[in-house]
Amino acid sequence: MGPKEEPFEFRATLTVLDQGLDTLHQSVDRLRQATGRDESDPQLILFETALGEIGANVLTHGRPQEVGVPVEYMLRFEGGTVIASFVDPGPPVHEHLAREMPDVWSEDGRGLVLARSLLDELGYERDGELNRWRLVKRL
Amino acid sequence: MVGAPALKDVISEVVKSGLPRVVIDMEGVSFVDSTGLGSVISALKQIKGSQGELRLAAPNQQVRVVLELTTLDRVFPYYATVEEALTGF
């Protein structure tokens, strides 16, 4: 049987990096189960990689533990497209979004560039004191 | 990412032992992100600084994709199995 196309939605609040990343991967596992996809589904692997990068960035630099406001996370699948969103209370990140891939010996600076290259759409907007992220990939 | 500090400690010990030749068995690694890559790059720098060599064995599909997209496959030769990685090492 091929993948199922029923709508799917998952919501969570994230506060800590390691547990938050676990929750992101669990949400993708649930999406796999709900849509009949296996672990080798190439588009979902690419999406999960991008999700991990943005999630790690949000949970590291969004600093929810300092301001006491958790990161809001939502994962949705509808009409063959998977959409994730994060809302975090961290500082604005506009200047990081235009980065290029660093050279091979750099030990950091790849996350956002990698995520951008893996998604059909990476949306970001500053909304008052919040950052709003939107990750879109057609499966 | 959870394994990154442990990797750093292991590599530091190996480098102390002399000419380091290291194969990292990736078979149990289901997912790698850019933070994990940074740890492996740090390890490679340590090993190269001691005239050694680092190879990756048995990376899964996700790890291979990340290595290729970041062009790190140029500096990390990877092999299907540990045995292959050890050949001619």
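Here is what the cut-offs are and how they apply
- Note on numbering: residues in each chain are counted from 1, in written sequence order.
- As a convention, the first chain written is A and the first ligand written is 1, with the rest following in written order.
- Only residues with pLDDT of at least 70 get local features here, since the model is predicted, and only at 80 or more are side-chain atom pairs given and counted; chain-wide, interface and lining totals rely on the full set of residues.
- One bridge is not enough; two strands pair if DSSP finds at least two bridges between them.
- Only runs of H or I of at least four residues qualify as helices and only runs of E of at least two qualify as strands under DSSP, and these elements are numbered from the N terminus.
- Lines are fitted to the C-alpha atoms to define the axes, a helix being fitted only along its stretch in contact, and any angle between axes, read from their N-to-C directions, falls within 0 to 180 degrees.
- By the criterion used throughout, residues are in contact when their C-beta atoms, derived from the backbone, lie within 7 Å.
- We call a residue exposed when 12 or fewer other C-beta atoms sit within 10 Å of its C-beta, buried when the count reaches 20 or more, and partly exposed for counts in between; the C-beta positions come from the backbone.

Trainee: Residue-level account of the sheet that holds strand 3 (residues 81-88) of chain A, with values.
Mentor: All names here are of chain A. Pairing in this open sheet of five strands is antiparallel, and the strands run 1-2-3-5-4 from one edge to the other. The sheet terminates laterally at strand 1 (8-14) and strand 4 (121-127), the two strands that pair on one side only. With strand direction ignored, the average angle separating the axes of adjacent strands in the sheet is 10°. Two strands pair when backbone bridges link them, and strand 2 (residues 71-78) and strand 3 are joined in this way by seven bridges, in the antiparallel orientation. Directly across from Glu72, in strand 3, lies its bridge partner Val87. Running at roughly 170° to strand 1, helix 1 (residues 17-35) makes contact with strand 1, strand 2 and strand 3 of the sheet. Packed on one face of the sheet, helix 2 (residues 42-61) meets strand 1, strand 2, strand 3 and strand 5 (130-138) and runs near 170° to strand 5.

Trainee: Talk me through helix 4 (residues 111-118) of chain A; I want residue IDs and the actual numbers.
Mentor: Burial analysis of helix 4 of chain A places six of its eight residues in the buried class, which makes it a mostly covered element. By the burial criterion, the buried members of helix 4 of chain A are Gly111, Leu112, Val113, Leu114, Ala115 and Leu118 of chain A.

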